[in-house]
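Given next are the chains, with one letter for each unit.
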Number of protein chains: 2
Amino acid sequence: MSLLVVGSVAFDALETPYGKVERTLGGAATYFAIAASFFTRVHLVGVVGDDFSEEDAAIFRGRRVDLAGLERAKGRTFFWAGRYTADMNDRVTLATELNVFATFNPKLPAAYRDSAYIFLANIDPVLQLRVLQQTRRRPKLVALDTMNYWIERTPAELRETLKHTQVLMINDAETRQLAIEHNLLRAAAHIRRMGPRTLVIKRGEHGAMMVHNGSVFAVPAFPLEEVRDPTGAGDSFAGGFMGYLASSGRTDAANLRRAMVYGSVLGSFAVERFGLDRLRTLKRAEIQARARHFWQLTRFRL
Amino acid sequence: MSLLVVGSVAFDALETPYGKVERTLGGAATYFAIAASFFTRVHLVGVVGDDFSEEDAAIFRGRRVDLAGLERAKGRTFFWAGRYTADMNDRVTLATELNVFATFNPKLPAAYRDSAYIFLANIDPVLQLRVLQQTRRRPKLVALDTMNYWIERTPAELRETLKHTQVLMINDAETRQLAIEHNLLRAAAHIRRMGPRTLVIKRGEHGAMMVHNGSVFAVPAFPLEEVRDPTGAGDSFAGGFMGYLASSGRTDAANLRRAMVYGSVLGSFAVERFGLDRLRTLKRAEIQARARHFWQLTRFRL
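To start, this report covers the structure provided alongside it.

Calculation notes
Residues numbered from 1 in each chain as written. Chains lettered and ligands numbered in written order. Predicted model: local features only at pLDDT ≥ 70, side-chain atom pairs only at ≥ 80, totals over all residues. Heavy atoms only, no water. Helix = DSSP H or I, 4+ residues; strand = E, 2+ residues; numbered from the N terminus. Rg over C-alpha atoms; globule rule 2.2 N^0.38 Å. Buried < 20%, exposed > 50% of the residue type's maximum accessible area, 1.4 Å probe, protein only. Areas by Shrake-Rupley, 256 points an atom, 1.4 Å probe, with all protein chains shown as cover. Lys, Arg positive; Asp, Glu negative; His and termini not counted. Charge placed at Lys NZ, Arg CZ, Asp CG, Glu CD. Pairing = 2+ DSSP bridges. Arc of directions from axis to C-beta. Contact = heavy atoms within 4.5 Å.

### Side note on the overall build of chain A
Here comes step 1: Helix and strand content of chain A: 11 helices and 13 strands.
Here comes step 2: Expected size for 302 residues packed as a compact globule is a radius of gyration near 19 Å; at 18 Å, chain A falls within 12% of this value.
Here comes step 3: Each principal axis of the C-alpha atoms in chain A carries an extent, and together these give about 60 × 45 × 35 Å.
Here comes step 4: Considering chain A as a whole, with its 302 residues, one finds that 60% of them fall into the buried category.
Here comes step 5: Counting only carbon and sulfur atoms, one obtains 49% of the accessible surface of chain A, whose full area is about 12,100 Å².
Here comes step 6: Taking the average location of the 41 positive side-chain charges in chain A and that of its 31 negative ones, the two points are 9 Å from each other.

So this is what it looks like as structure tokens:
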């Protein structure tokens, strides 16, 4: 079924203990779309500046990513520069230049307005709501990412958008901040009352946890010998999660669990190399093999 | 099969956001023995002072804990006072009074010298080795806990003791410190070369991970609405783990995975109330029910 993502397309400058790149394609919608396109066709809504070349768009070619909703605006593309500490657990933002993203006002092409599955990447909740208002029929599933900035600055707007959201995908610190509750189970119950019946908590090297209708599912992070660049891990997770759901067309509990595994698989591949380098060469068969590896990693019999 | 634990029996003063106790029975060997006794008979070797009364020993009564190796010395019992921060992730030691524990020299009663399963709780590695030297035949499985203090102060002695250890059970910070390697997979490979073929990494609210012969198994922490007191969680985990192994008499990979689950079950119960209060009232059927709950928590089908 049709999958729509709305979010940033950006250029990133990245620095980790494993190296440095000055300018590489990034942004939440980019990671999401590439990851999800292994499972289904993705409609991408975002904005780039006139520095975004045909060469930059090459990564989408030959993939099931539809760029009809990628607006070209006058000015420069969103730019983000960040550095990771030695243990990869902290990241320092060195620069955020919104550029054309500052006046981004997402417009859904007519063909996107019937999207059954929608992922609202981390942007202003007012814009996220505006996306939903442009749909022609009620989507089957809306998933949303957000961050401390919006939780602090636009709490009312975020609350309004959450009312129309079925899946909230955030990290544990954001969960605690949004619910004003340290315990994640109780936080999940608070968030359930805000709208989303499903909460997906991304915990980086500690894996991910889902609370769906009060039932908890936990999946560990894939043990990797090298994590070279954590950028885009969460958006790749979201892409694997939503891509799998949209391709299967079902949102029952068992399928949501499988989606958690495929999300974890895509997130684990994303961090193996810099930027989009690993997703660029990834094969469907590798995804399936790693999903089976996740099963090995967690299975036991009583 | 026979299970032996050597470690501290102590009085604890505890303070968490949920309350405060001035003096309650604690110590690694105590938590371990109570937890393991749900599965098998436990021989306890430790030392207490003359302030340790019959009333204090009452918790062991009616359980499969043999106290023939619990030495009574002149002086006061080991005392520890600690306070946990609001999020339970940090603990501040307010007092450590070794008392009779300062001159502890573990002596195995004759009946304990054939123990097949041995848990060396966190004490001086020189004493841990001395325990093993008193055994009459090669134990089937020796598991060891240690901490940053011994890793820093007595690295050579710890290395020597590790040569005779099959399972090392420590937390992730200790793993990284011992191996001088941040990545847990690579750290596990280093530690494998020191002796233990199995590494169990305890990660608190993030669960536990086992690397056994290069194969990884991960189990999440049990999601609890209230964690009232984390004291003894790791030793209760070790008790569940070793108690299950000793009761089954097998140390193959599948059984080690089940032991990880039973360890997690006992650890999760321990933190529900203060000190030993929850283990005190725990029933075998509750353990089995929670083990099944762990299965529910992690299962998925591809």
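So much for the structure itself; the text now carries on.
### Overview of the pairing of strand S7 (residues 91–97) of chain A
Residue and element names in this part refer to chain A.
Here comes step 1: Relative to S7, strand S6 (residues 79–84) is paired through six bridges, and the arrangement is antiparallel. Each residue of the ladder has a partner; that of Phe79, found in S7, is Glu97.
Here comes step 2: From the end of S6 to the start of S7, which pair antiparallel, there are six residues, and Met88 there has a positive phi angle of about 65°.

### Side note on helix H5 (residues 155–162) of chain A
All names here are of chain A.
Here comes step 1: Regarding H5, the residues found buried are Leu158, Thr161 and Leu162. All buried residues of H5 project into a common sector of 100° when viewed along the axis, lining one side.
Here comes step 2: On its buried face, H5 is in contact with helix H3 (125–133), strand S9 (141–144), helix H4 (148–153), strand S10 (167–171), helix H6 (172–179) and helix H7 (184–194).

### A few points about the environment of Leu4 of chain A
Residues and elements named next belong to chain A.
Here comes step 1: Relative to the helices and strands, Leu4 is located in strand S1 (residues 3–6).
Here comes step 2: Along the chain, Leu4 and Thr198 lie 194 residues apart, while their C-alpha atoms are 19 Å from each other.
Here comes step 3: If sequence neighbours within four positions are ignored, Leu4 has contacts with His43, Val45, Leu108, Tyr112, Ser115, Tyr117, Ile118, Phe119 and Val131.

### Some remarks on unusual backbone geometry
Residues and elements named next belong to chain A.
Here comes step 1: With a phi angle near 50°, Ile180 is a residue other than glycine that sits in the positive phi range.
Here comes step 2: Residue position: Ile180 is located in the loop between H6 and H7.
Here comes step 3: On the accessibility criterion, Ile180 (75% relative accessible area) is exposed.
Here comes step 4: You will see that Asn213, though not glycine, has its phi angle at about 50°, which is positive.
Here comes step 5: Looking at the secondary structure, you find Asn213 in the loop between strand S12 (208–212) and strand S13 (215–219).

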